Amino acid sequence: MAAPELREIEELRRLLRHHEHRYYVLDQPEISDAEYDALMRQLAELERKHPESVTPDSPTQRVGGAPREGFVQAPHSSPMLSLDNALDEVELRDFDRRVRDLLGHDGYRYTAELKLDGLSLALRYRDGVLQRAITRGDGETGEDVTENARTIRSIPLRVIDGPAEFEVRGEVIMTKKAFERLNAGREPDQRYANPRNSAAGSLRVLDSTITAARQLDFYAYLLMAGGEAMFDSQWQSLDRLSGMGFKVNVERKLCHGMEELVEFTRSWEPRREDLPYEIDGVVAKVDSVAQQRQLGWTAKAPRWAVAYKYAAEQAETVVESIEVQVGRTGTLTPVAQLHPVRVGGVTVSRATLHNEDEIRRLGLAVGDTVIIERSGDVIPKVVRVSGEGEGRKEFRIPSSCPVCSEPVVRAEGEVASRCVNPDCPARLKESILHFASRGVMDIDGMGEALVDQLVARGMVKSIADLYQLKAEQLAELERMGEKSAARIMKGIEASLGKPMPRVLNGLGIPFVGERTAQLLAEHFGSLHAIAEAAEEALQEAEEVGPKVSQSIQGFFRAPHNLQLVERLREAGLQFTHEIKRKQAGPLAGLTFVITGTLPGMSRDEAKELIEATGGKATNSVSKKTSYLVAGEEAGSKLEKAQALGIPVIDEAKLRELAGA
Ligand code: IVH
């Protein structure tokens, strides 16, 4: 390639990185969005002409290629532990006393940071370039979500300057604004409960274009190399992280002594509502790394840090009535209708009561005054009755469905009552909304108002009837015209091309959501194979246990469901899924668990060997484990493997199997 053009490409990348940092990290853009887009187009154009110049850290490379089949498990460089909690000031002072006693003096300081309510993520960089992003998982092993993390604009793909190899840990969050935008476009039964869940859901989707659209954010809070802190103090690390181009929360304080820390936690509690993101407390860390080492760790958490948790926001109001909702699977859920009240920055007028037992436990009757609580969720819960109302009315779950009047059933050992009438309009409506929703069949415009009419007029008695609808019929409905009718018909037509895992998810089988549907499709290759699989066969698929397999069998045993599936096949929906060849190698199809100390290799090396030769390494022993690789001082995993009759091998045998 001509040298001037290469220089131009490099210059554009440098400029774009600079402006991304200004915009996404510092929130201080220097140019307009249009100017930024123009630079990006210029770079993309040049890269198209010189594809050999494209590197993974180029600003054009945030969104990758086709959706993946599943996530790969990845071991952490050092365990991602959690923090001990302090639930009030007394516990916070207890923590401080322990620190003082263990150090034997009071010459220490705390960094106080806001505790963002998201999910933690570890980022590994080599030679300044992002290599891998791994979720916390069980703390030892997480999921490799690199492709998705690359779409988060506040995560630098290349850092400005830093050491050859390092790891950054921090929190992935969704801002309150992005969360509202996301939920506003969703049907009620598809809404996320809170920004934390939606951040987690958005990071763990198989299609990175979805993550990109969700506009997640990342705040860094730990910097390490070789499993150790890189600087003498946490405060310095935070400054350094910021200098390297990471987003670091500016709301932090270096506290000289306990009183300053208490003052910091107190000052943020009433102001948390005004922040653009949700926090659930403050994290205090002993600032000096030398002192951190002196204090050390327990099995679960560092002794040098504590999470001071704010109490959930509460309010008092009156229960005006109790409504019963019928969900997609027929579950009857009592919902308290409240006199509107503000709590945690939002006005609420409803609270879920879960089921009849919960109402009895609370001793709640209509007319009572109650304390409600928002613990991060949009839908609050009733904590307790604070005053009995006059003429209070006891509530009972109705013995017949409030929508179709058919008798309801409460199975033995279950807390929920269910309407089991497959033709119940309420169930039907919820199933259609789920089937048509974004991420499932994507039938644009198929919202509550339309579905209500379709069901009320008897035009749709089953999901399969959607494929019999005519544009003329739709155009006659209220608030519909030819244009909207045509748009919906187009959506229905296009749904025929949606991949099989979405069809499976769309059936609304309890416990079979997006991820499980994807994994089942991967394993079985066709919907019919799943429908006909025995329970043990179902459980051979990843992440499928007895609860899921029973639910699947229950679904495909019911004649009306078989009829539905048959009609969907006739309509032309996708029923097969191409099974990608599993990674080849001598260990293909085998699952290993490693325990104890191996004589000639570290655990990470053993995992790498297994994965490189086609096998899978997981953390816990189950029926699906092919071999347990045991070294010295193997503990409970060995016992479990022996109890389950799983072959136990040593390092030499592993090497032999792997052909190493
Ligand atoms: S430090 C060993 N700092 O809170 C240190 N955690 O309850 C581990 N979190 O898993 C974490 N903001 O997901 C740290 N400024 C902050 C944090 C923070 C949020 C989360 C993180 C962690 C959990 C611990």
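Our subject is the structure that appears above.
Read on for a plain summary of the structure. (Residues numbered from 1 in each chain as written. Predicted model: local features only at pLDDT ≥ 70, side-chain atom pairs only at ≥ 80, totals over all residues. Heavy atoms only, no water.)

Here's the deal with unusual backbone geometry
Right, on to step 1. We note that Gln215 has phi near 50°; this positive angle belongs to a residue other than glycine.
Right, on to step 2. Mapping Gln215 onto the fold places it in the loop between α7 (208-214) and β8 (217-225).
Right, on to step 3. On the basis of relative accessible area, Gln215 is assigned to the partly exposed category, the value being 47%.
Right, on to step 4. Not every positive phi belongs to a glycine, and Glu633 is a case in point at roughly 60°. (Helix = DSSP H or I, 4+ residues; strand = E, 2+ residues; numbered from the N terminus. Buried < 20%, exposed > 50% of the residue type's maximum accessible area, 1.4 Å probe, protein only.)

Let's talk about the nonpolar core
Nonpolar side chains tend toward joint burial in soluble globular proteins.
Right, on to step 1. The biggest cluster of nonpolar side chains holds 51 residues, and the ones touching the most others in it are Met446, Leu507 and Leu520.
Right, on to step 2. At the level of secondary structure, the elements contributing two or more residues to this core comprise α12 (425-436), α13 (448-456), α15 (482-495), α16 (500-506), α17 (514-524), α18 (527-532), α20 (546-557) and α21 (559-571).
Right, on to step 3. The contacts of Leu520, once residues within four sequence positions are left out, are Leu504, Val512, Gly525, Ile530, Leu538, Ala541, Val544 and Ile552.
Right, on to step 4. Leu119, Leu130, Ala133 and Ala220 belong to the second-largest nonpolar core, a separate cluster that totals 33 residues. (Core = buried A, V, L, I, M, F, W, Y, C linked by side-chain atoms within 4.5 Å. Contact = heavy atoms within 4.5 Å.)

Structural notes on the pattern of salt bridges
Right, on to step 1. Scanning the entire structure with this criterion turns up 46 salt bridges.
Right, on to step 2. Across the pair Glu5 and Lys49 runs a salt bridge whose closest N-O atoms are separated by 3.4 Å. With Glu5 in helix α1 (residues 3-25) and Lys49 in helix α2 (residues 33-49), the pair connects residues that are 44 residues apart, well separated along the chain.
Right, on to step 3. Salt-bridge contacts for Lys498 lead to Asp442; the nearest nitrogen and oxygen are separated by 3.5 Å. With a gap of 56 residues between them, Lys498 in the loop between α15 and α16 and Asp442 in the loop between α12 and α13 connect regions that are remote in the sequence.
Right, on to step 4. Judged by relative accessible area, Asp442 falls into the partly exposed class, the value being 27%.
Right, on to step 5. Each of Glu356, Asp357, Arg360, Arg396 and Arg410 takes part in salt bridges that share partners, so that together they form one network. (Salt bridge = Lys/Arg side-chain N within 4 Å of Asp/Glu carboxyl O.)

Remarks on the site of the ligand
Right, on to step 1. Lining the immediate surroundings of the ligand are Leu83, Glu113, Leu114, Lys115, Leu116, Ser120, Glu171, Tyr221, Val283, Lys285 and Pro302.
Right, on to step 2. Contacts to the ligand include Leu116, whose backbone N or O atom sits 3.3 Å from a nitrogen atom.
Right, on to step 3. In the environment of the ligand, an oxygen atom lies 2.6 Å from a nitrogen or oxygen atom belonging to the side chain of Glu171.
Right, on to step 4. Among the elements that make up the shell around the ligand, the one with the highest residue count is strand β3 (residues 110-116) (4 residues).
Right, on to step 5. Of the residues contributing to the shell around the ligand, the split by class is 6 nonpolar, 1 polar and 4 charged. (Near = heavy atom within 4 Å. Polar contact = N/O pair within 3.5 Å; in protein donor to acceptor, adjacent residues only side chain to side chain. Nonpolar A, V, L, I, M, F, W, Y, C, P; charged D, E, K, R; others polar.)

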